[in-house]
Amino acid sequence: MQIKSSKEEIGSRLRTNQAQREIDNLRHKTMAGIKALVGLSFGGAIGLTFLLLGCALEQYGVYWPLFVLIFYILSPIPTFISRRLSDDSDAASNACRELACFFTTGIVVSAFGLPIILARVALIQWGACGLVMAGNAFIFLTILGFFLVFGGGDDFSWEQW
C-alpha cells in the first residue's frame, strides 16, 4: 500500500515537473518572439526615420522619395502568396517560390533605383538620395528579418496574424 502511494506520488511529481518545463519553454519562446518583434520594430523605425530625413530636412525639402513606401508595401506580397499556395512537402525547387523571389527582387531593386533616378534627373539632391538608400537598407533588412523570425511555421508564425 505504501509502495503504491509512493509510486503515485513520484508519478505526480514527474507530471508536475514535466508540465513546469513545458510552461518554462513556452515562456522562453514567448519572450524570444517579443524580443524579436521589438527589434524588428526598432529597425523599421530607424529606416523610416532615414526616409523622412531625406525628405523633410530643410536643405532637401522635396517629398518625391516617399514614393518608395509603395515598394515597402509591395515587397512582402509575393512571398505571402507563394507561401500560401506552395506545398511545403516538396524538398526540391518550387516554381511558385522562385517566381515570388524574382518579383520580390525586382521590387527591392526598384526601391533602390528610384532615388538614384530622382537624383540623376535633379528632382532630389544626392544627400537625400543617400538617406533614402540607408532607409531602404534598414526597411528591407527588417522585412527579411520578419520572414526569418516569424516564417518558420512554429508557434510564432506570421500566418497567425
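Keep in mind the model is a prediction, meaning the values are calculated, not measured. (Residues numbered from 1 in each chain as written. Predicted model: local features only at pLDDT ≥ 70, side-chain atom pairs only at ≥ 80, totals over all residues. Heavy atoms only, no water.)

Draft legend 1. Inspection of the nonpolar core at higher detail. Listed in full, the nine residues of the largest apolar core are Leu51, Val68, Phe71, Tyr72, Ile107, Ala111, Val132, Ile139 and Phe140. Mapped by element, the contributors of at least two residues to this core are helix H2 (68-74), helix H4 (95-120) and helix H5 (126-150). For phenylalanine 71, the contacting residues outside a window of four places in its chain are Ile107, Ser110, Ala111, Leu114 and Phe140. Of all hydrophobic cores here, the second largest spans seven residues; its members include Tyr60, Ile124, Ala128 and Cys129. (Core = buried A, V, L, I, M, F, W, Y, C linked by side-chain atoms within 4.5 Å. Buried < 20%, exposed > 50% of the residue type's maximum accessible area, 1.4 Å probe, protein only. Helix = DSSP H or I, 4+ residues; strand = E, 2+ residues; numbered from the N terminus. Contact = heavy atoms within 4.5 Å.)

Draft legend 2. How the structure looks around a nonpolar patch on the surface. Residues Trp64, Phe67, Ile70, Ile73, Leu74, Ile77, Ile81, Leu85, Ile117, Val121 and Leu123 make up a contiguous nonpolar surface patch of about 1100 Å² in total accessible area. Taken together, the elements giving at least two residues each to the nonpolar patch come down to H2 and helix H3 (77-85). Tracing the chain through its elements places leucine 123 in the loop between H4 and H5. Residue classification places leucine 123 among the partly exposed residues on the basis of a relative accessible area of 40%. (Patch = residues over 30% accessible without salt bridge, like charges linked within 9 Å, V, L, I, M, F, W, Y side chains within 5 Å. Areas by Shrake-Rupley, 256 points an atom, 1.4 Å probe, with all protein chains shown as cover. Salt bridge = Lys/Arg side-chain N within 4 Å of Asp/Glu carboxyl O.)

All quantities given are derived from atomic positions and should not be read as evidence of function.
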